[in-house]
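# Commentary on secondary and tertiary structure
Given next are the chains, with one letter for each unit.
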Amino acid sequence: MAKYIFVTGGVVSSLGKGIASAAIGALLEARGLRVTLQKLDPYINVDPGTLSPFQHGEVFVTDDGAETDLDLGHYERFTHIRTTQANNATTGRIYHNVITKERRGDYLGDTVQVIPHITDEIKNAIKAVSNGYDVVIVEIGGTIGDIESLPFLEAIRQMRYDVDRENVLYVHLTLIPYIPSAGELKTKPTQHSVRELREIGIQPDALLCRCDRPLPPGIKKKIALYCNVDVEAVIGAIDVETIYEVPLALHEEALDTLIAKKFGFDTNKPDLSRWQEVVRRIKEPRNEVTIAIVGKYIGLKDSYKSLLEALIHGGIANDARVVFQWVDSEEVEVNGPERFLSEADGVLVPGGFGYRGIEGKIEAIRYAREKKIPFLGICLGMQCAVIEFARNVCGLEKANSAEFDINTPDPVIYLMEKWYDFRKGRVEERSAESQKGGTMRLGAYPCVLTEGSHAYNAYRTREISERHRHRYEFNNAYRGVFARHGLRVSGASPDGELVEIVEVEDHPWFLGCQFHPEFKSRPTEPHPLFKAFIEASLREKRSLFPYLGDDEALSDIHVSSEFDDEDG
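Conventions we followed
Residues numbered from 1 in each chain as written. Predicted model: local features only at pLDDT ≥ 70, side-chain atom pairs only at ≥ 80, totals over all residues. Heavy atoms only, no water. Helix = DSSP H or I, 4+ residues; strand = E, 2+ residues; numbered from the N terminus. Buried < 20%, exposed > 50% of the residue type's maximum accessible area, 1.4 Å probe, protein only. Lys, Arg positive; Asp, Glu negative; His and termini not counted. Charge placed at Lys NZ, Arg CZ, Asp CG, Glu CD. Salt bridge = Lys/Arg side-chain N within 4 Å of Asp/Glu carboxyl O. Pairing = 2+ DSSP bridges. Core = buried A, V, L, I, M, F, W, Y, C linked by side-chain atoms within 4.5 Å. Contact = heavy atoms within 4.5 Å. Expected span 1.5 Å × (residues − 1). Axes fitted to C-alpha atoms, helices over the stretch in contact; angles between N-to-C directions. Left-handed = near helix turned anticlockwise from the far one by under 90°. Nonpolar A, V, L, I, M, F, W, Y, C, P; charged D, E, K, R; others polar. Parallel < 35°, antiparallel > 145°, perpendicular 65-115°, else oblique. Phe/Tyr/Trp six-rings, centres within 6.5 Å; stacked < 30°, edge-to-face > 60°. Lys NZ or Arg CZ within 6 Å of the ring centre and 35° of its normal.

### Topic: the overall build of the chain
- Scanning the chain from N- to C-terminus turns up 19 helices and 25 strands.
- The buried share among the 568 residues of the chain stands at 58%.
- Of the charged side chains in the chain, 67 are positive and 87 negative; the average position of the first set lies 3 Å away from that of the second.

Written out as structure tokens, the structure is:
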């Protein structure tokens with residue numbers, strides 16, 4: 001039977017439950033255990049697909065096309081799992097399932113209530129991901145005291161009785177603030193948080209105490225006494241320089257030993273050498289490169305969480321520190337690109353939706369193309385690159401996307417109404433009137449690469465599979481005119497109908513991809529495109545400033561082969 005670890009949070013939000021859960025997963029995997037993770041979110045949206053990035057941050061996409069919470073990205077980056085729809089459940093989805101069953105008559109006339117019907121549905125969702133795993137780590141979104149979290153907390157309380165006490169462990173993440181004026185660490189917020197948790201019937205087995213300095217033994221004893229836990233179960237979760245140091249820090253506090261002892265796992269000590277090497281390459285890199293990120297959600301960096309991590313992974317692969325230069329695309333529209341991009345070694349334009357800031361992105365892309373700065377465009381970034389090339393190279397001055405201008409005479413990006421879906425194995429149809437919540441091309445799709453292209457050289461294979469989240473497509477009617485002017489299609493669906501990657505031929509490294517490569521990157525397995533993009537940016541930097549490094553080829557500077565993309 002699978003063991004269950006339930007991770008809750010208290011005192012304040014944004015303490016890092018997702019990273020803590022993922023780090024626990026990494027530690028248990030390093031001990032040879034099979035681990036999966038799940039996020040239970042208390043908001044009423046069925047999924048985060050229609051939420052503003054400013055409110056919720058990034059929407060993470062799984063292979064099976066689920067739009068999920070960004071914490072699933074942490075789970076995939078820290079462990080070897082590939083998440084699915086089942087790894088994320090919201091209040092909206094739980095209630096939707098229960099109401100559907102009630103309408104169908106599944107409850108045989110029962111009065112449908114939170115207990116047992118809602119809580120049973122939550123428990124069913126938890127158990128649905130447990131098959132084949134030694135440990136299931138379940139993160140409960142929100143903070144103890146939030147009214148919307150109560151059904152989830154009641155469900156995990158019941159789980160201890162459903163699967164027996166020895167198969168369940170509760171981990172509570174809390175805050176130990178330091179008060180400078182008093183010169184003291186304060187435990188009272190943690191005491192109150194644990195008391196509130198105990199009032200609903202959950203006694204935590206371990207406390208992760210977020211703090212900015214080590215917890216003295218006296219503080220640990222005090223917390224243990226007032227919160228009714230063992231002293232060794234009071235774990236200091238100290239602030240670290242990089243999130244990839246968290247597994248090492250929690251191991252130093254013996255959290256994985258505590259879990260193994262609690263569950264009776266007879267495992268060897270974890271092999272954390274790969275994590276140690278990742279941390280070393282982040283903290284003590286040989287090189288440095290500046291990447292300008294031209295976006296329109298830069299007010300909330302979590303909007304680009306997977307993207308930032310993938311860039312860091314590309315830096316790890318090249319033993320380089322990646323310095324982020326945030327550029328608001330609306331500012332580029334007003335002031336031009338020169339003042340923002342002249343110092344950048346590489347330019348990246350990420351995905352997004354809507355017309356706001358588009359012209360700034362297009363101007364930034366033109367600057368990168370004309371100045372021969374390495375460029376990576378992702379999803380909307382690729383589409384903007386196509387528009388820019390059409391206007392300024394192909395002479396189609398009014399070219400645009402039908403998303404932004406339905407009356408454009410040259411819709412180089414348009415709404416493809418019919419195509420063969422290789423993932424679903426059927427023909428898909430959509431129109432401008434289709435609902436926004438379910439008409440995008442979502443999830444993993446196959447792509448065939450052109451040999452000799454930047455994409456092929458990065459992946460070192462002809463066929464790949466990448467995750468998508470978009471509605472509009474490259475218009476094949478313009479494929480010929482683009483090719484004649486030097487923009488080639490270097491990746492497409494197996495039938496050639498869906499354009500996935502474009503490249504500018506007369507450029508050191510200029511690539512746009514319709515998919516989101518960031519969703520499949522890991523620190524120990526950097527994504528090939530980010531690895532190649534950072535390498536190209538370093539090479540360009542060295543060509544401009546040769547005194548910054550020796551003549552050694554960049555390919556010889558890469559991190560050891562164990563960090564190469566194992567899928568080729």
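There is more to say after this.
### As for the pattern of salt bridges
- Throughout the structure, instances matching the rule amount to 41 salt bridges.
- Measuring nitrogen to oxygen at the nearest pair gives 3.9 Å for the salt bridge that ties Lys127 to Asp162. Of this pair, Lys127 sits in helix α5 (residues 114-128) while Asp162 is found in helix α6 (residues 150-162), placing the two residues 35 residues apart along the sequence.
- Across the pair Glu473 and Arg441 runs a salt bridge whose closest N-O atoms are separated by 2.8 Å.

### Examining the pairing of strand β19 (residues 426-429)
- The pairing of strand β18 (residues 418-421) with β19 spans four bridges and is classified as antiparallel. Of the residues in β19, the one forming a bridge with Asp421 is Arg426.
- If you look at the hairpin formed by β18 and β19, you'll find four residues sitting between the two strands, and Gly425 has a positive phi there, around 70 degrees.

### Focus on the nonpolar core
- Core analysis: the biggest nonpolar cluster contains 61 residues, and Ile5, Leu28, Phe78, Ile137 and Leu208 have the highest contact counts within it.
- In terms of residue count, helix α1 (residues 17-30) provides more of this core than any other element does, eight residues in total.
- Setting aside its immediate chain neighbours within four residues, Leu28 contacts Ile5, Leu33, Val35, Val135, Ile137 and Ile259.

### With respect to the pairing of strand β21 (residues 463-470)
- In terms of burial, β21 is a largely internal element, six of the eight residues being buried.
- Where strand β20 (residues 441-449) lies against β21, eight bridges are found, and the strand directions are antiparallel. By the bridge assignment, Gly443 is partnered in β21 with His468.

### A few points about helix α12 (residues 305-317)
- Between its first and last C-alpha atoms α12 spans 19 Å; for 13 residues at 1.5 Å apiece the expected length is 18 Å, and the two agree.
- Across the 13 residues that make up α12, a large majority, 12, are buried.
- Residues of α12 that are buried: Lys305, Ser306, Leu307, Leu308, Glu309, Ala310, Leu311, His313, Gly314, Gly315, Ile316 and Ala317.
- Downstream of α12 by a residue or two, Asp319 has a phi angle that is positive, lying close to 50 degrees.

### Some remarks on the packing of helix α4 (residues 91-104) against α5
- Between α4 and α5, the least distance of the axes is 10 Å, while the angle of their chain directions is 115 degrees. Handedness of the α4/α5 crossing: right-handed. Touching Ile94, Tyr95, Asn97, Val98 and Lys101 of α4 are Val114, His117, Ile118, Glu121, Ile122 and Ala125, all from α5.
- Taken together, the residues that form the contact of α4 with α5 break down as seven nonpolar, two polar and two charged.

### Description of the sheet that holds strand β7 (residues 168-175)
- Strand order across the open sheet formed by seven strands is β5-β2-β6-β1-β7-β10-β11, with parallel pairing between neighbours. The open sheet has two edge strands, β5 (88-90) and β11 (234-238), and neither has a second partner. The sheet shows a mean angle of 20 degrees between the axes of neighbouring strands, taken without regard to direction.
- Here α4 sits on the sheet and contacts β2 (35-41) and β5; the angle it forms with β5, its principal contact strand, is near 75 degrees.
- Against the sheet, helix α7 (residues 188-199) makes contact with β1 (3-9), β7 and β10 (206-211), and its axis sits at roughly 145 degrees relative to β7, the strand it touches most.

### Considering the side chain of Ser537
- You can see Ser537 is positioned in helix α19 (residues 528-544).
- Setting aside its immediate chain neighbours within four residues, Ser537 contacts Val289, Ile291, Asp345, Gly346 and Pro374.

### As for the packing of α7 against helix α8 (residues 217-227)
- The N-to-C vectors of α7 and α8 enclose an angle of 25 degrees; their axes lie 10 Å apart at closest approach. When the interaxial angle is binned, α7 and α8 end up roughly parallel. In the packing of α7 onto α8, the handedness of the crossing is right-handed. On the side of α7, the interface is formed by Thr190, Gln191, Val194 and Arg198, while α8 contributes Lys222, Ile223, Tyr226 and Cys227.
- Grouping the constituent residues of the contact of α7 with α8 by class yields four nonpolar, two polar and two charged.

### Quick notes on the sheet that holds strand β17 (residues 410-414)
- Overall, mixed pairing links the three strands, which are arranged β16-β17-β22 in an open sheet. Of all strands in the sheet, those with a lone pairing partner are β16 (399-401) and β22 (473-474), marking the two edges.
- In this sheet, β22 lies alongside β17 in antiparallel orientation, the contact comprising two bridges. Note on β22: the bridge partner recorded for Tyr414 is Glu473.

### Focus: the packing of aromatic side chains
- Per the stated rule, a full pass over the model turns up 13 aromatic pairs.
- Between the aromatic rings of Phe60 and Phe519, the centroid separation amounts to 5.0 Å while the plane-to-plane angle is 70 degrees, which identifies the pairing as edge-to-face. Placement of Phe60 in strand β3 (residues 60-61) and of Phe519 in the loop between β25 (510-513) and α19 is noted, with a sequence separation of 459 residues between them.
- Accessibility expressed as a relative area gives 0% for Phe60, which makes it buried.
- Note on Phe519: relative accessible area 4%, which makes it buried.
- A network of ring pairs unites the aromatic residues Tyr4, Phe6 and Tyr170 as a single cluster.
- Arg213 extends its terminal NZ or CZ atom over the ring of Tyr178, reaching a point 3.5 Å from the ring centre.
- A cation over a ring is seen here: Arg441 above Tyr445, with NZ or CZ 5.0 Å from the ring centre.

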